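Chain residues, written in single-letter form:
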Amino acid sequence: TQLLEQSPQFLSIQEGENLTVYCNSSSVFSSLQWYRQEPGEGPVLLVTVVTGGEVKKLKRLTFQFGDARKDSSLHITAAQPGDTGLYLCAGAGNQGGKLIFGQGTELSVKP
Amino acid sequence: DSGVTQTPKHLITATGQRVTLRCSPRSGDLSVYWYQQSLDQGLQFLIQYYNGEERAKGNILERFSAQQFPDLHSELNLSSLELGDSALYFCASSLSLSGGFYNEQFFGPGTRLTVL
């Protein structure tokens, strides 16, 4: 069974601080997505990483895929209150196109 | 706006009842996925349809069923509802069978089901 473990589950920081969210598994994934979800809404795709060791940047967000394609991280620089939300990592399962989601990291950025 | 639509937004019903959730995928997408999100289980894959045919199943209860119609919209039917079925139900779509080249899926706004 493929599982993704995210840490930390909750993160409360002040505006301007940096943070990193981790997504780990014992399984290899062909690709890994990061989503952001706000209360009462659906997850919104932020980025997809495919190649081991790949690094992608989206403004203040940096995403990295582990060399063995078993783990990923999301680093936010100088967090802002608008970054508040639930961050989810999701890996492509070995059955069709289903996504396996981590439990999520609830981020709160206080002004 | 992902282009995926879901109705209704909210649904309140009683135990033992049956409900139908509806999803319209993004224009051109052939795959539709259903996920359930609850506080204790997180986002869990239920079922996938591709161009009208069931292609993958997750931990979907026997009381739940789905179908995808010729116009590619999909419906998720939940019957003999229990309190524990209260959750957010999301539909996602993608262009191809394997979720697009990178398995990218685009999610609708969800249906919040409350079973009383």
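Structure first, text after, so check above.
Here the structure is a predicted model, which is why all the values come from computation and not from measurement.

What counts and how
- Residues numbered from 1 in each chain as written.
- Chains lettered and ligands numbered in written order.
- Predicted model: local features only at pLDDT ≥ 70, side-chain atom pairs only at ≥ 80, totals over all residues.
- Heavy atoms only, no water.
- Pairing = 2+ DSSP bridges.
- Helix = DSSP H or I, 4+ residues; strand = E, 2+ residues; numbered from the N terminus.
- Axes fitted to C-alpha atoms, helices over the stretch in contact; angles between N-to-C directions.
- Salt bridge = Lys/Arg side-chain N within 4 Å of Asp/Glu carboxyl O.
- Buried < 20%, exposed > 50% of the residue type's maximum accessible area, 1.4 Å probe, protein only.
- Contact = heavy atoms within 4.5 Å.
- Buried area = accessible area lost by both parts, 1.4 Å probe.
- Polar contact = N/O pair within 3.5 Å; in protein donor to acceptor, adjacent residues only side chain to side chain.
- Nonpolar A, V, L, I, M, F, W, Y, C, P; charged D, E, K, R; others polar.
- Phe/Tyr/Trp six-rings, centres within 6.5 Å; stacked < 30°, edge-to-face > 60°.
- Lys NZ or Arg CZ within 6 Å of the ring centre and 35° of its normal.
- 1 Å grid on protein atoms, 1.4 Å probe; cavity = no way out; pocket = protein on both sides within 12 Å on 5 of 7 lines; lining within 4 Å.
- Points joined across faces, edges and corners; volume = space filled by probe spheres on them.
- Disulfide = S-S within 2.5 Å.

Peer 1: Where do I start with the sheet that holds strand β3 (residues 19–24) of chain B in this structure?
Peer 2: Strands pair in a sheet through their backbones, by hydrogen bonds, and they do so in one of two ways: parallel or antiparallel. All names here are of chain B. Read from one edge to the other, the open sheet built from 4 strands follows the order β1-β3-β8-β7, with strand pairing classed as antiparallel. The strands lining the two open edges of the sheet, one partner per strand, are β1 (5–7) and β7 (64–68). The mean angle between the axes of side-by-side strands here comes to 15°, regardless of whether they run parallel or antiparallel. When β1 meets β3, the two strands line up antiparallel, connected through 3 bridges. Counted as the bridge partner of Gln6 is Cys23 from β3.

Peer 1: Would you mind going over the pattern of salt bridges with me for this structure?
Peer 2: Residue and element names in this part refer to chain B. Counted according to the given criterion, the structure contains 6 salt bridges over all chains. Across the pair Asp29 and Arg26 runs a salt bridge whose closest N-O atoms are separated by 2.7 Å. On the basis of relative accessible area, Asp29 is assigned to the buried category, the value being 2%. Using a relative accessible area of 24% as the deciding quantity, one classes Arg26 as partly exposed. Members of the salt-bridge network, linked through shared partners, are Arg63, Glu82 and Asp85.

Peer 1: It is not clear to me how the interface of chain A and chain B should be interpreted in this structure. Could you clarify?
Peer 2: In many analyses, interface size is given as the accessible surface area lost on bringing the parts together. Contacts between chain A and chain B engage 22 residues on the former and 24 residues on the latter. For the pair chain A and chain B, the summed buried surface comes to about 1700 Å²; carbon and sulfur atoms form 55% of the total. Inspection of the chain A/chain B interface yields 0 salt bridges. At the junction of chain A and chain B, the tally comes to 5 residue pairs in polar contact (both at pLDDT 80 or more). A per-class count over the side of chain A that touches chain B returns 9 nonpolar, 11 polar and 2 charged.

Peer 1: Help me understand the packing of aromatic side chains, please; the structure alone is not making it clear to me.
Peer 2: Both the distance between ring centres and the angle between the ring planes are used here to describe each pair of aromatic rings. As enumerated under the stated definition, the model contains 9 aromatic pairs over all chains in all. On the basis of an interplanar angle of 85° and a centroid distance of 5.4 Å, the ring pair of Tyr35 of chain A and Phe107 of chain B is categorised as edge-to-face. Residue Tyr35 of chain A is found in strand β4 (residues 32–37), and its partner Phe107 of chain B is found in strand β10 (residues 106–107); the two belong to separate chains. Relative to Phe107 of chain B, the ring of Phe101 of chain A has its centre 5.9 Å away and its plane inclined at 80°; by these criteria the two rings are edge-to-face. Of this pair, Phe101 of chain A sits in strand β10 (residues 99–101) while Phe107 of chain B sits in strand β10, on two different chains. Like Phe101 of chain A, the residue Phe107 of chain B is buried in the burial classification. In textbook terms, an aromatic cluster arises when at least three aromatic residues are bridged by ring pairs, as seen for Tyr35 and Phe101 of chain A together with Tyr35, Phe45, Phe90 and Phe107 of chain B. One residue, Arg26 of chain B, lies across the ring of Phe106 of chain B, its end atom 3.9 Å from the ring centre.

Peer 1: Looking at this structure, I do not really get the sheet that holds strand β8 (residues 71–76) of chain A. What am I missing?
Peer 2: Residues and elements named next belong to chain A. Spatially, 5 strands are ordered β1-β3-β8-β7-β6 in an open sheet, and the strand pairing comes out antiparallel. Bordering the open sheet on either side are β1 (5–7) and β6 (55–58), each of which pairs with just one other strand. Each neighbouring strand pair of the sheet contributes to a mean axis angle of 15°, computed without reference to strand direction. Examined bridge by bridge, β6 and strand β7 (residues 61–65) share 4 bridges and lie antiparallel to one another.

Peer 1: Sorry if this is basic, but what is going on with the layout of surface pockets here?
Peer 2: One simple way to see leftover space: roll a probe sized like a water molecule over the atoms. Of the voids in this model, the largest pocket is the one considered here, and its volume is about 570 Å³. Forming the walls of the largest pocket are 21 residues, and the residues nearest its centre are Leu86 and Glu106 of chain A together with Gln37, Ser38 and Leu39 of chain B. Mapped by element, the contributors of at least two residues to the lining of the largest pocket are β9 (85–92) and β11 (105–110) of chain A together with β4 (31–38), β5 (42–50) and β9 (87–94) of chain B. Grouping the amino acids of the lining of the largest pocket by side-chain chemistry returns 8 nonpolar, 10 polar and 3 charged. Looking at the lining of the second largest pocket, the elements that each hand over two or more residues are β1 and β10 of chain A together with β5 of chain B.

Peer 1: Sorry, what's going on with the state of the cysteines here?
Peer 2: Defined simply, a disulfide is a covalent bond joining two cysteines at their sulfur atoms. Residues and elements named next belong to chain A. By the definition in use, this model includes 2 disulfides over all chains. Bridging Cys23 to Cys89, the disulfide has an S-S length of 2.0 Å. A torsion of 75° about the S-S bond marks the disulfide between Cys23 and Cys89 as right-handed. Placement of Cys23 in strand β3 (residues 19–24) and of Cys89 in strand β9 is noted, with a sequence separation of 66 residues between them. Given the relative accessible area of 0%, Cys89 is considered buried.

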